[in-house]
Amino acid sequence: MKFEYHVEGGDFLNAGNASGNIKKVLKKLNVDPGVLKRVVVALYEAEVNIVAHAYRGNITADISPQKIEIVLDDEGPGIPDIGLAMQQGYSTASTKVREMGFGAGMGLPNIKANTDDLKIESVVGKGTKITLSFNLA
Amino acid sequence: MTTRNKKPFFHHALRINKNKCIGCTHCMRTCPTDAIRIRNGKASVNPDKCVDCGMCMISCKHNAIIVEQDDFQRIFDYKCRVALVPSVLMGQFDENSGTKSIFEGLKSVGFTHVYEVSRASALIEEAQDEYEQRSDVEFPLISSFCPAVIRLIQVRFPSLLKHITLIKPPLDIAAAHCRNELEKTGINSSDIGIFYVSPCAAKIVAIKHPVGEKKSAVNGVINMDLIYNKIYSFVSNDKADSGKLCRPADNTHVTWELTGGECIRRDNHAMAVDGIHNVIEILDKLENGELDENITFLELRACDESCAGGILVPGNRFLTVRNLIQRETLPPCRKTADKNDAACQNCRLFGKCGSEYLPEAFKLEKLQPRSMLSLDDDMEIALEKMEHVDTIMQILPNIDCGMCGSPSCQSLAEDIARGVAELDQCVFLRITATKDAEDVKTLKESVRNVWGRINNNE
Ligand code: SF4
Ligand code: SF4
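Since this is a predicted model, take the numbers as computed values, not measurements.

A. Structural context of the site of ligand 2. Ligand 2 sits among Cys146, Pro147, Cys200, Lys203, Arg301, Ala302, Cys303, Ser306, Cys307 and Gly310 of chain B. Tallied by class, the residues present in the shell around ligand 2 amount to six nonpolar, two polar and two charged.

B. Representation of the interface of chain A and chain B. Across the boundary between the two partners, chain A contributes 20 residues, which contact 27 residues of chain B. Among the residues chain A hides against chain B, the three largest losses belong to Met1, Lys27 and Lys28 of chain A. Together they make up 33% of the total. Where chain A meets chain B, there are four salt bridges. Among the ionic pairs, lysine 28 of chain A bridges to glutamate 414 of chain B, the shortest N-O distance being 2.5 Å. At the boundary of chain A and chain B, one finds nine residue pairs in polar contact (both at pLDDT 80 or more). Residue assignment for the side of chain A that touches chain B shows that the elements contributing at least two residues are α1 (17-28) and α2 (33-53) of chain A. No other element matches α2 of chain A, which puts six residues into the side of chain A that touches chain B.

C. Here's a closer look at the sheet that holds strand β11 (residues 297-301) of chain B. All names here are of chain B. With parallel pairing, the three strands of this open sheet are ordered in space as β7-β11-β10. Of all the strands in the sheet, just β7 (141-142) and β10 (270-274) have a single pairing partner and so form its edges. Two elements, β10 and β11, share five bridges in a ladder whose sense is parallel. Note on β11: the bridge partner recorded for alanine 272 is glutamate 299. The strands touched by helix α10 (residues 276-288) within the sheet are β7, β10 and β11, with β11 carrying the most contacts at an inclination of about 150°.

D. Highlighting the site of ligand 1. Not every one of the 13 residues close to ligand 1 is listed here, only the nearest: Leu14, Cys31, Cys50, Cys53 and Cys56 of chain B. A class-by-class count of the residues in the shell around ligand 1 yields 10 nonpolar, two polar and one charged.

E. Structural view of the sheet that holds strand β3 (residues 67-75) of chain A. Residue and element names in this part refer to chain A. Read across the sheet, five strands follow the order β1-β2-β3-β5-β4 without closing on themselves; strand pairing throughout is antiparallel. One side of each edge strand has no neighbouring strand; the edge strands of this open sheet are β1 (2-8) and β4 (117-123). The sheet shows a mean angle of 10° between the axes of neighbouring strands, taken without regard to direction. The strands touched by α2 are β1, β2 (56-63), β3 and β5 (127-135); relative to β3, the strand with the most contacts, the crossing angle is about 10°.

F. Structural context of the domain arrangement of chain B. Residue and element names in this part refer to chain B. The domain boundaries assigned to chain B delineate domain 1 (8-68), domain 2 (72-361) and domain 3 (375-458). Here the C-alpha centroids of domain 1 and domain 3 sit 24 Å apart. Taken together, the contact between domain 1 and domain 3 spans eight residues of the former and 12 residues of the latter. The interface formed by domain 1 and domain 3 contains one salt bridge. Close ionic contact of aspartate 415 with arginine 37 constitutes a salt bridge, the shortest N to O distance being 2.6 Å. Across the contact surface, domain 1 and domain 3 share four residue pairs in polar contact (both at pLDDT 80 or more). Counting residues per element, the ones that place at least two in the side of domain 1 that touches domain 3 are α1 (26-30) and β2 (36-39).

G. Quick look at the environment of aspartate 292 of chain B. All names here are of chain B. Note that aspartate 292 resides in the loop between α10 and β11. For aspartate 292, a relative accessible area of 45% corresponds to the partly exposed category. Sequence separation between aspartate 292 and histidine 269 is 23 residues; the distance between their C-alpha atoms is 9.6 Å.

H. Representation of the pattern of salt bridges in the model. Under the counting rule described, the total for this entry stands at 27 salt bridges over all chains. Residues arginine 134 of chain B and aspartate 136 of chain B are paired through a salt bridge, measuring 3.1 Å at the closest nitrogen-oxygen approach. Given a relative accessible area of 55%, aspartate 136 of chain B falls into the exposed group. In this structure, glutamate 360 of chain B and lysine 363 of chain B form a salt bridge, with 3.2 Å as the shortest nitrogen-oxygen distance. Using a relative accessible area of 23% as the deciding quantity, one classes glutamate 360 of chain B as partly exposed. When salt bridges that share partners are traced, they join Lys23 and Lys27 of chain A together with Asp284 and Glu287 of chain B into one network.

Cut-offs and rules
- Residues numbered from 1 in each chain as written.
- Chains lettered and ligands numbered in written order.
- Predicted model: local features only at pLDDT ≥ 70, side-chain atom pairs only at ≥ 80, totals over all residues.
- Heavy atoms only, no water.
- Near = heavy atom within 4 Å.
- Nonpolar A, V, L, I, M, F, W, Y, C, P; charged D, E, K, R; others polar.
- Contact = heavy atoms within 4.5 Å.
- Buried area = accessible area lost by both parts, 1.4 Å probe.
- Salt bridge = Lys/Arg side-chain N within 4 Å of Asp/Glu carboxyl O.
- Polar contact = N/O pair within 3.5 Å; in protein donor to acceptor, adjacent residues only side chain to side chain.
- Helix = DSSP H or I, 4+ residues; strand = E, 2+ residues; numbered from the N terminus.
- Pairing = 2+ DSSP bridges.
- Axes fitted to C-alpha atoms, helices over the stretch in contact; angles between N-to-C directions.
- Domains from an automatic or database assignment.
- Buried < 20%, exposed > 50% of the residue type's maximum accessible area, 1.4 Å probe, protein only.

Shown next as structure tokens:
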């Protein structure tokens, strides 16, 4: 089953709506609490990344009894050095964003730690597409 | 598949009085766990979903929701009858009513001893400090104080269960301490009846059907509103020589049951939240990983103003808070009081609730998840049902009128998918499905005039 959400860059008031909705769906589907927690934490972080860094983006979740796959596709500045961005503690969040409590420097490493598989494709000046996968079966 | 035919997981203290209930839907709309439906003109509660928060009782304008309690006469089954009282009972009276007259009031209705639950608070504090040092705990810790919150987490946030401190709430330690002290004076344990004066339905259930504990040390429960009625005239007429409010000698925190009571003596990494909807909001954030990592302790209470706002607490909650804060500023008893005074003697009979009770405090067992949100235990079937729900939602009006007996169109759709409701319960759909073409036209028009649409697709 597929679920789609739209995210606007800079709209911190609504940051977390998509992950909140997907969380509700997963609870209704009786997904294991441990897996649920990982999905929600990774997705929330990735969603806030779009709000904080990109202009806009779409989130598509594809849920089956075997697997949860979530694609976050944004239009934005892209990530110049994915290797660097993957390092613990690295954050591109501006001070303003951090003051609001977002992007506390956990970013991609935190997302990776919570997924079973993480794919990142990025084109500087165009945008970033990340795919989060979680195994259920 | 469904849990309908299984033995209910939870027991409850709230009952619907079918003679009084008129099915007005107020309770159904306010329930934070979506537990209530209207069937045959009456509210009916799904026992697996209810967390005993009491919101439904507060919302009921017809006094149709009642809280079960033990027959008061049961206290006379025991020779030694202890009223185990939370501070909020004392908080029903201001500084003009002395602690002694409250004690005398309780004696006048049949109790032989009075013991304040808050006397165990210092020990629980110690237990919490020790618990924090354990290597297997998950931060932020969530206090195990409020039983409605524990159940809420079991039902709606099972992934957060491991945050709850496995420490017995003060009430249980207080009961154990009280019993032991009485036994020390030579009284037989079987002669001791400890009756908790409860501020809420959740505590009643926690005593009668404990979660994470084998058996409660308490023998029975008396509702606070009943006790208040019984002792009110005594206490208010006894102003003359009753003395003033006082505070026990040991480290008794009489504000422990109020919002912030557990946080106030902690560092600024603790946070207090009261009101069940606020608690839900914070748990949602915690589950998303949105809470600041520096927050290490959460005090969550289901009632507005915590136990001062308990559904069985008769007085105004803000006045209760004020009275208790005043009492907390009093110096602890210096034992200079009158040796012949019965109230003083009662108070001093119970020594300090010391660290020998610490191991007892750690005896709360692991809490079990009880997710009641899923459409089906089997994910494949749940997915099918979810698609079914989506299809139904396309034709429902999405105005949550409640006339179908479900709190929202979404919950009706889910009830239908679960097989416990029918589509023709939707009054909107029925109106627009009338056979007479002219009728349909005018009906649709008037519906559109009010709601702007007749279903979700318009
Ligand atoms: S006590 Fe609370 S959870 Fe239970 S039915 Fe009433 S409102 Fe719902
Ligand atoms: S806050 Fe206190 S009175 Fe209210 S449900 Fe929890 S324990 Fe009971």
